[in-house]
Amino acid sequence: MENKSDHHSQNEYIEVWEDLVHIKDLILSLIICTVTTLGAYLLAPNDPPKPLIFGLIGAVIGFVVSSIIIKPKRNFRYLEGEEE
Amino acid sequence: MMDMVLIAEMIGASVIGAILYTIIGIAPGTDETAVLAPVTLVLVLSGFEPIVILAFFISAIVAKKLTDSIPVAIAGIPGGVMSAPMVEHAMILKKHGMPELSIRKMASGSVIGTIIAVPMSLLLANLIAPLSGYITEYASQIFLGGAIFLALMTKNRWVALLSILPFAFLIQGLRIFYWEAEIVPADQTVFTSFFLGITIGPVILKLAELLSGKVRKNMPRYGMKDIALKRTPKTKGFPNPFKILTKKEIGTTSLSSVLGVLTFFMSPVGMTIFLGETLTSRIKDPVKKAARAISSMDGLTNAAYISGTLIPLIAIGLPLSPTAIGPGGALFNAPPVFTEENNLHHLLSMTDFIVATVIGSVIAIAITFYITMKYAQEICAFVFRFIPHEAMLGLFFGLVMMLAFMDAGIINIAGVLIVAIVAGLLHRKGVNYGVQFMTLYAAPWLVSLFI
């Protein structure tokens, strides 16, 4: 399928683990998530289970940030007029 | 006797577990261990009542297993490692324009798997309990036997068989190095992060290859993935899994669920692939074959997960199954709260186990099965539109890095990367997760035979 609106040129995506990614976006996301997760883990008070909880929260933050700045590489649409 | 407050807490925990893991289950590529183990660990360490944690955990696995097949059916993207074997069959149904049917069949298979697994696990656990001393003694040998058996079942059986010993040496070699270098105390064994390293192996290998420009140039490139869904009418009332499946499908699903319980100590992924293919190999019609395969595979994964958690917990108190040692690891060992001498096995009575399991599984089925049947499309649409695959990989990668660091500090990040790259290579050569996990469990004993 053609996609003219996307800022990446066509056929730039590779498949990793059953879905398509853009290499630069992937590296960006790996860095963001690793920094937020490990960062939160290390910054947490050294009093178990706090580091783990902080780390999990960090992971979620990294995930949300990545989701906001990276666009999914999927064209999603509903097929209309084919209701049973 | 149990009081009402505790029961209310169990119900609350089960509802939260079901909702949370309904969402997580749909997200593509979420590994069971990676999403269940850390959260359970946090709950255990936070000091919740053991019985409440068990209810939460059971609800979470049932919900996760119900929903992780949804993206498979709709887009051929596995929602978890366990649903990967179903992709092929789901794609056949999708090609014939029946992704909705896929979801219904899979979810119904899950429900049957759960219904069979809960009582059977409780029963089997009671039968095994007297043997627990014996089993504990020969656990390593059982795991090695499992690795050899699964290796012989794969297509590349000689490569798989040959990989067992070197892979065990790699894992145990790293552990011995950590002990010698005093990175890890002698009474502590690095496990979780190696387990995750194996799971994330194929991805890490791919990422490592991206570092080479030559490989990068030759990789197949794609445009945007096009996903189109037909709008389907809403079903009225509460769906009945026994009406969605045909009699034959119920039969095969029940059979595979029973086998899933009996082989609770084997790798669920390996058993799913093996039994799913075996039980359907004689059906000619591709649509019927695919429907039978996905319903029975889903029943089996559910049954294997529940039995793999419950039987070792109730009967033995040691994590003697891949599910117990992976996603359920925190129920057995989460110092200082749970240890091998003081965990759910020792703290809960048989009644406690039954109550927690029934509450957890009934709530998860009620909430998740209902949501799955009614809103599968809407949830998928949301995930496909707004959740980039990069973020999923990033989340997982981040968690693995954290757990690697937690297990043995900064050096273990390198250790986990090595395990992951080797595991990824083996995986590509046809050595499946099952063989690798079994090897991981058998490694300490296997290597001790040589040194």
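Remember, predicted model here, so these are calculated numbers, not experimental data. (Residues numbered from 1 in each chain as written. Chains lettered and ligands numbered in written order. Predicted model: local features only at pLDDT ≥ 70, side-chain atom pairs only at ≥ 80, totals over all residues. Heavy atoms only, no water.)

## Details of helix H9 (residues 157–180) of chain B
Residues and elements named next belong to chain B. The following threshold applies: Secondary structure follows DSSP: runs of H or I at least 4 residues long count as helices, runs of E at least 2 residues long count as strands, and numbering of each begins at the N terminus. Multiplying one less than the number of residues by 1.5 Å gives the expected span of a helix. The angle between axes fitted to the seven-residue stretch ending at a residue and the seven-residue stretch beginning at it gives the bend at that residue. Per-residue accessibility, obtained with a 1.4 Å probe over protein chains only, is compared with the maximum for each type, and a residue is labelled buried under 20%, exposed over 50%, and partly exposed between these values. Any two residues whose heavy atoms approach within 4.5 Å are treated as being in contact.
Relative to the 34 Å expected for 24 residues at 1.5 Å per residue, H9 spans 35 Å between its end C-alpha atoms, a close match to the ideal helical length. A bend of about 35° at Ile 164 is the largest found in H9, and the proline Pro 166 appears one to four places after it. The set of residues buried in H9 consists of Ala 160, Ser 163, Ile 164, Phe 167, Ala 168, Ile 171, Gln 172, Leu 174, Arg 175 and Tyr 178. The inward-facing, buried residues of H9 contact helix H8 (139–153), helix H10 (192–210), helix H20 (389–428) and helix H21 (433–448). Just downstream of H9, Glu 182 is the residue with a positive phi angle, here 55°.

## Remarks on the confidence of the model for chain A
So the rule is basically this: For every residue, the pLDDT score states the predictor's confidence, bounded by 0 at the bottom and 100 at the top.
In this model, chain A carries a mean pLDDT of 79, and residues with pLDDT of at least 70 account for 77%. Ignoring residues within four places in sequence, the model shows residues 1–8 of chain A, a span with pLDDT below 50, making 14 contacts including any to other chains.

## Thoughts on the interface of chain B and chain A
Selection criterion: Salt bridge criterion: a side-chain nitrogen from Lys or Arg within 4 Å of a carboxyl oxygen from Asp or Glu. Any N or O atom pair separated by 3.5 Å or less is treated as a polar contact, with the protein-specific requirement of one donor-capable and one acceptor-capable atom, and with residues adjacent in sequence counted only for side-chain atom pairs. We call Asp, Glu, Lys and Arg charged. Ala, Val, Leu, Ile, Met, Phe, Trp, Tyr, Cys and Pro are nonpolar, and the rest, Gly among them, are polar.
Chain B puts 58 residues into the contact, and the matching count from chain A is 50 residues. For the interface between chain B and chain A, the tally reads 1 salt bridge. Here Glu 390 of chain B ties to Lys 73 of chain A by a salt bridge, and the two come within 3.0 Å at their closest N and O atoms. Put simply, chain B and chain A have 7 residue pairs in polar contact (both at pLDDT 80 or more) between them. Of all the secondary structure elements, the ones that give two or more residues to the side of chain B that touches chain A are helix H2 (32–45), H10, strand S1 (225–230), helix H19 (350–386) and H20 of chain B. Of all the elements, H20 of chain B adds the most residues to the side of chain B that touches chain A, at 17 residues. The residue inventory of the side of chain B that touches chain A, partitioned by class, reads 38 nonpolar, 10 polar and 10 charged.

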